[in-house]
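Examination of the molecular architecture
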Amino acid sequence: MRIVEYIGIAVLLLLAALALLFLRRLVIARQGGTIELGVRLSTMVPGRGWSAGLARFAGDELRWYRIFSYWPGPRRVISRRGLVVERRRAPDAAELLVLAPDWVIVRCVSRQAPVEIAMAERALTGFLSWVEASPPGDPTPETRPYRYKAS
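Scoring rules and cut-offs
Residue positions are counted from 1 within each chain, in the order its sequence is given. Under the rules for a predicted model, residues below a pLDDT of 70 receive no local features and side-chain atom pairs below 80 are neither given nor counted, while totals for whole chains, interfaces and linings still include all residues. Side-chain calculation: all heavy atoms of the structure are included, whereas hydrogens and water are not. Helical segments are the DSSP runs of H or I of at least four residues, strand segments are the runs of E of at least two, and each set is numbered from the N terminus. Between N or O atoms, a polar contact is any pair within 3.5 Å; within protein, one atom must be a potential hydrogen donor and the other a potential acceptor, and residues adjacent in sequence are included only when both atoms are from side chains. The criterion used for residue contact is that any of the two residues' heavy atoms lie within 4.5 Å. Accessibility here uses a 1.4 Å probe with only protein chains present; expressed as a share of the type maximum, an area under 20% marks a residue as buried, one over 50% as exposed, and anything in between as partly exposed. Grouping buried Ala, Val, Leu, Ile, Met, Phe, Trp, Tyr and Cys residues that are joined through side-chain atoms within 4.5 Å yields what is termed a nonpolar core. Here, a strand pair is defined by DSSP locating no fewer than two bridges between the strands. Only C-alpha atoms enter the line fits that serve as axes; for helices the fit covers just the stretch in contact. Angles between N-to-C directions range over 0 to 180 degrees. By definition, no residue in a patch forms a salt bridge, and every one has over 30% relative accessible area; like charges are joined within 9 Å, nonpolar side chains (Val, Leu, Ile, Met, Phe, Trp, Tyr) within 5 Å. Computed with a 1.4 Å probe, the accessible areas rest on the Shrake-Rupley method; for each residue, only the protein chains presented here act as cover. Salt bridges are counted wherever a side-chain nitrogen of Lys or Arg sits within 4 Å of a carboxyl oxygen of Asp or Glu. Between rings of Phe, Tyr and Trp, where Trp is taken as its six-membered ring, a pair exists when centres lie within 6.5 Å; planes separated by under 30 degrees are stacked, by over 60 edge-to-face, and by other angles tilted.

**What to know about the side chain of Arg40**
Its location among the elements puts Arg40 in strand β1 (residues 34-40). Looking at Arg40, its side chain comes within polar contact range of the side chain of Glu116, at 2.9 Å. If near-sequence neighbours (up to four positions away) are discounted, Arg40 is found in contact with Val45, Pro46, Gly47, Arg48, Gly49, Trp50, Arg76, Arg89, Glu95 and Glu116.

Printed below as a string of structure tokens:
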């Protein structure tokens, strides 16, 4: 009988942990301006190192939260000041195992470090608009992609 009690407690704890993850995701999504976004945390092995999460636009920052984490704060914060989209590409065969086939991988370079992010094609339009909408006084306006210089 004791074994059944331990199994019941373990199942209850597992359900509580899953409910907490779901509640955390719901709280982040309710704040608005969120998209599903994958971030490449490691480039040691080609095609590997991707982690799923939610990103939230907050002013000049893109705050990325891991889906399977209990930490309440963002795992990564990407500032749009000095952010340049270097290139975009489709996922290769190894990356298709962890990313959706309609997602696009974007390599960005900033003052912090280069970062690869993956998102749906429809979310990419919003992301590029956010990058382009930098505030006045940005120290590197001429390095912005898709921005035209006045002649």
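On we go from here.
**Some points on the environment of Leu97**
Tracing the backbone through its elements, the reader meets Leu97 in the loop between β5 (84-89) and β6 (103-109). Looking at Leu97, the relative accessible area reads 76%, which means it is exposed. On a C-alpha basis, the gap between Leu97 and Arg48 in space is 9.5 Å, while along the polypeptide they are 49 residues apart.

**With respect to the nonpolar core**
Counting 21 residues, the largest nonpolar core has Leu37, Val106, Cys108, Ile117 and Phe127 as the members making the most contacts within it. Those elements that provide at least two residues to this core are β1, β3 (61-66), β6, β7 (115-120) and α2 (121-132). For this core, the element with the most residues is α2, which contributes 6 residues. Setting aside its immediate chain neighbours within four residues, Phe127 contacts Phe57, Leu62, Leu83, Val85, Val106, Cys108, Ile117 and Met119. By size, the runner-up hydrophobic cluster in this structure holds 6 residues, among which are Trp50, Ile105, Ala118 and Ala120.

**Some remarks on the sheet that holds strand β4 (residues 76-79)**
Strand pairing in a sheet relies on backbone hydrogen bonds, with the paired strands running either antiparallel or parallel. Read from one edge to the other, the open sheet built from 7 strands follows the order β4-β3-β2-β1-β7-β6-β5, with strand pairing classed as antiparallel. Looking along the sheet, the strands with just one partner apiece sit at the ends: β4 and β5. Sheet twist, expressed as the mean angle between neighbouring strand axes with direction ignored, is 35°. Pairing analysis gives 5 bridges linking β5 to β6, with the strands arranged antiparallel. Bridge assignment links Arg87 to a residue of β6, and that residue is Arg107. Most of the contacts of α2 go to β7, to which it runs at about 130°, and overall it touches β1, β2 (50-58), β3, β4, β5, β6 and β7.

**With respect to a nonpolar patch on the surface**
A cluster of nonpolar side chains, contributed by Ile3, Ile7, Val11, Leu14, Leu15 and Leu18, occupies part of the molecular surface with about 600 Å² of accessible area. Assignment of secondary structure puts Ile7 in helix α1 (residues 2-30).

**Some remarks on the packing of aromatic side chains**
Across all of its chains, the model carries 2 aromatic pairs by this definition. Ring centres 6.0 Å apart and planes at 35° place the aromatic pair Phe127 and Trp130 in the tilted group. Here Phe127 and its partner Trp130 are both found in helix α2, 3 residues apart, which amounts to about one turn of the helix. The class for Phe127 is buried, based on a relative accessible area of 1%. In this structure Trp130 comes out as buried when scored by relative accessible area, which is 9%. Of the aromatic side chains, those joined through ring pairs into one cluster are Phe57, Phe127 and Trp130.

**Comments concerning the pattern of salt bridges**
If you walk through the whole model with that rule in mind, you get 10 salt bridges. The shortest N-O distance in the salt bridge between Glu116 and Arg40 comes to 2.9 Å. Here Glu116, found in strand β7, pairs with Arg40, found in strand β1; they are 76 residues apart in sequence, far enough to count as distant. Of the two residues, Glu116 and Arg40, both sit in the buried class. The closest approach of N and O atoms between Glu86 and Arg87, which form a salt bridge, is 3.5 Å. The class for Glu86 is partly exposed, based on a relative accessible area of 45%. Look at the salt bridges and you will find they share partners, linking Arg40, Arg89, Glu95 and Glu116 into a network.

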